[in-house]
Amino acid sequence: MTLPIFYIEESVTSHDGIVLNEATSKHIIQVLRMQKGEKLQLTDGLGNLHTAEITNDNRKKCLVKIIETVKHPKPASNVSIAISLIKNNSRFEWFLEKATEIGVSEIIPLICERTEKQNFRLDRMKTILVSAMLQSQQTWLPVLYEPIKFTQFITSAIDAKKMIAHCEEGENKRSLVSETGTKKNKLILIGPEGDFSTTEIEAALANNFTAVELGETRLRTETAGIVAASLLCNL
């Protein structure tokens, strides 16, 4: 039987005893009704998977001791999705959840010319990432950045295969699958409802981004993000 897995924000420095926070303790002791002597797993989202045993089943300050630690390597492909915030917050949260399950390494929320919504709660968004990481039995938590303006982001130094997916007609767009090359790090820009502006597309191309297409149909922002994530994480 698979042991239940929980998230701890701090890296484990001692195997003697770890006091879990109140929310995690309550879930373990009151919801799952686990008791002293039972085992569970912990991850810090940095590849470490700890097997632990409950030594004190206090519902507010559950105490565990580490029995074994396994270090999981980073995914072979480092995929970063820079995606515009969108008006419907629940759709953006859905993207975060699914991108985490797929195995994206970084998520950069963008503020573009046509971005309608600029409110962003980092704490809530990170909670969604953690939940998706645990649900999919992973040990690497995607890095989630604060929103950044499109023009500022594309001029930053990034060692990756850089791509921009847009809907404007043009003969120079290439298939995403054929354009990834051999670089380990891959970055793709996904635009807002209404797409990137012509000025933004030209600016991206001037900063060594390659224009790519995700298929023959026009996709919603969050759907385009998931299609790109799925393709890039499996190449």
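## Some remarks on helix α6 (residues 198-206)
Buried within α6 are the following residues: E200, I201 and A204. Within α6, the buried residues cover an arc of 100 degrees as seen down the axis, which keeps them to one side. Away from its buried face, by an angle of more than 90 degrees, α6 presents the exposed residues T199, E202 and A206. The secondary structure elements touched by the buried residues of α6 are α4 (150-153), β10 (161-165) and β12 (185-190).

## Thoughts on the sheet that holds strand β2 (residues 18-19)
Spatially, the five strands line up as an open sheet ordered β1-β3-β4-β5-β2, and their pairing is mixed. Strands with a single pairing partner mark the edges of an open sheet, and in this sheet they are β1 (5-7) and β2. Sheet topology note: the β2/strand β5 (residues 63-71) ladder contains two bridges and is antiparallel. Bridging across to β5, V19 finds its partner in L63. Together, β1, β3 (39-43) and β4 (48-56) form the strand contacts of helix α1 (residues 22-31), whose direction differs from that of β1 by roughly 165 degrees. Where helix α3 (residues 122-135) meets the sheet, it contacts β1 and β3, and its direction lies at approximately 155 degrees from that of β1.

Definitions and cut-offs
Residues numbered from 1 in each chain as written. Predicted model: local features only at pLDDT ≥ 70, side-chain atom pairs only at ≥ 80, totals over all residues. Heavy atoms only, no water. Buried < 20%, exposed > 50% of the residue type's maximum accessible area, 1.4 Å probe, protein only. Helix = DSSP H or I, 4+ residues; strand = E, 2+ residues; numbered from the N terminus. Arc of directions from axis to C-beta. Contact = heavy atoms within 4.5 Å. Pairing = 2+ DSSP bridges. Axes fitted to C-alpha atoms, helices over the stretch in contact; angles between N-to-C directions.

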